[in-house]
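The chain contents come next:
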Amino acid sequence: MSTGFAGAESAGIKIGDTVAIFAQGPIGLCATAGARLRGAGLIIAVDGVDERLEMSRQMGADITLDFRKVDVVSEILKLTGGRGVDASIEALGLQSTFESALRVLKPGGTLSSLGVYSGDLTIPLDAFCAGLGDHKIITSLCPGGKERMRRLMQVIESGRIDLGPMVTHRYQLEQITEAYDLFSHQRDGVLKVAIQAS
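All of these numbers come straight from a predicted model, not from anything done at the bench. (Residues numbered from 1 in each chain as written. Predicted model: local features only at pLDDT ≥ 70, side-chain atom pairs only at ≥ 80, totals over all residues. Heavy atoms only, no water.)

**Q** Explain the pattern of salt bridges to me, please; I cannot follow it from the model alone.
**A** Summed over all chains, the structure comprises 12 salt bridges. One salt bridge in this structure joins R68 and D50, with 3.0 Å as the shortest N-O distance. Taken as a pair, R68 in the loop between β3 (63–66) and α4 (72–79) and D50 in helix α3 (residues 50–59) lie far apart in primary sequence, 18 residues in all. A single salt-bridge network, built from bridges that share partners, covers D50, D66, R68 and K69. (Salt bridge = Lys/Arg side-chain N within 4 Å of Asp/Glu carboxyl O. Helix = DSSP H or I, 4+ residues; strand = E, 2+ residues; numbered from the N terminus.)

This is the structure we're talking about:
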């Protein structure tokens, strides 16, 4: 939640903004929820897993795009009348999602990157408008601290967001190996696993 919300905060989302969020795993879903809480006017969520796209609608996405079925850059530009989005959030850490998040930005837009990249990341000159597009690229990770946690818990306590549906599987502590195996292989529609002490 802290990382996903940080993505929305770093994107500088204002009331009425159009936002595209690339990848709807747990962090992307929280970024979607964060964009909604910040007042985005149109939230477009991108993923390739049906269960995640469905969950993104529960978290606040207005439109979901399956990258397996459509060219998401073209579709987002079409949805925005060629203008592009005010902010995009990249929540996966792949060159391809980073590039797509950059290509859909309007001039002056902000790309908020939550991805952890395992290799070199390149910025395509055309998508960056050769540096003339007034784009901002901001990276965030998981802000912590007592005050941050108090604020996040207040959002949950007030009922502004319900993250419970993201927990798709529950395991006892002694089953932790099975839980990790399920999550690492992304089987059975897993999104988030809760480990409970006996």
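**Q** How should the packing of helix α2 (residues 26–37) against α3 be read in this particular structure?
**A** In helix packing, the relevant descriptors are the interaxial angle and the interaxial distance, both defined with respect to the helix axes. Where α2 meets α3, the closest approach of the two axes is 9 Å, and the angle between their N-to-C directions is 25 degrees. As summarised for this structure, α2 and α3 are arranged roughly parallel, according to the angle between their axes. Crossing handedness for the pair α2 and α3: right-handed. Note on element contacts: α3 touches α2 through R52, M55, S56, Q58 and M59, opposite L29, T32, A33 and R36. (Axes fitted to C-alpha atoms, helices over the stretch in contact; angles between N-to-C directions. Parallel < 35°, antiparallel > 145°, perpendicular 65-115°, else oblique. Left-handed = near helix turned anticlockwise from the far one by under 90°. Contact = heavy atoms within 4.5 Å.)

**Q** Looking at this model, I keep getting lost on unusual backbone geometry. Mind explaining?
**A** Among all residues except glycine, the phi angle is most often negative; among peptide bonds, the trans geometry is most common. The phi dihedral of A23 is positive, around 90 degrees, even though this residue is not glycine. By the secondary structure assignment, A23 is in the loop between β1 (18–22) and α2. Assessed through its relative accessible area of 9%, A23 is described here as buried. The backbone phi angle of D188 is positive, close to 55 degrees, even though this residue is not glycine. With respect to the helices and strands, the residue D188 is situated in the loop between α7 (176–184) and β8 (192–196). On the basis of relative accessibility, which here comes to 62%, the residue D188 falls in the exposed class. (Buried < 20%, exposed > 50% of the residue type's maximum accessible area, 1.4 Å probe, protein only.)

**Q** Looking at this structure, how should I read the environment of S158?
**A** Position of S158 among the secondary structure elements: in the loop between α6 (146–157) and β7 (167–172). Overall, S158 belongs to the partly exposed group, its relative accessible area being 45%. Separated by 22 residues in sequence, S158 and K136 have C-alpha atoms that sit 33 Å apart.

**Q** Whenever I open this one, the packing of aromatic side chains confuses me. Can you help?
**A** For any pair of aromatic rings, the description consists of the separation of the ring centres together with the inter-plane angle of the planes. Enumeration according to the criterion identifies one aromatic pair in this entry. Note on F98 and Y117: the rings are 6.1 Å apart at their centroids and 90 degrees apart in plane angle, and the pair reads as edge-to-face. Residue F98 is found in helix α5 (residues 95–103), and its partner Y117 is found in the loop between β5 (105–113) and β6 (136–139); the two are separated by 19 residues along the sequence. Residue classification places Y117 among the partly exposed positions, given a relative accessible area of 23%. (Phe/Tyr/Trp six-rings, centres within 6.5 Å; stacked < 30°, edge-to-face > 60°.)

**Q** Teacher, can you tell me more about a nonpolar patch on the surface here?
**A** Judged by side-chain polarity, L173, I176, Y180 and I195 come together as a nonpolar surface patch covering roughly 380 Å² of accessible area. With respect to the helices and strands, Y180 occurs in helix α7. (Patch = residues over 30% accessible without salt bridge, like charges linked within 9 Å, V, L, I, M, F, W, Y side chains within 5 Å. Areas by Shrake-Rupley, 256 points an atom, 1.4 Å probe, with all protein chains shown as cover.)

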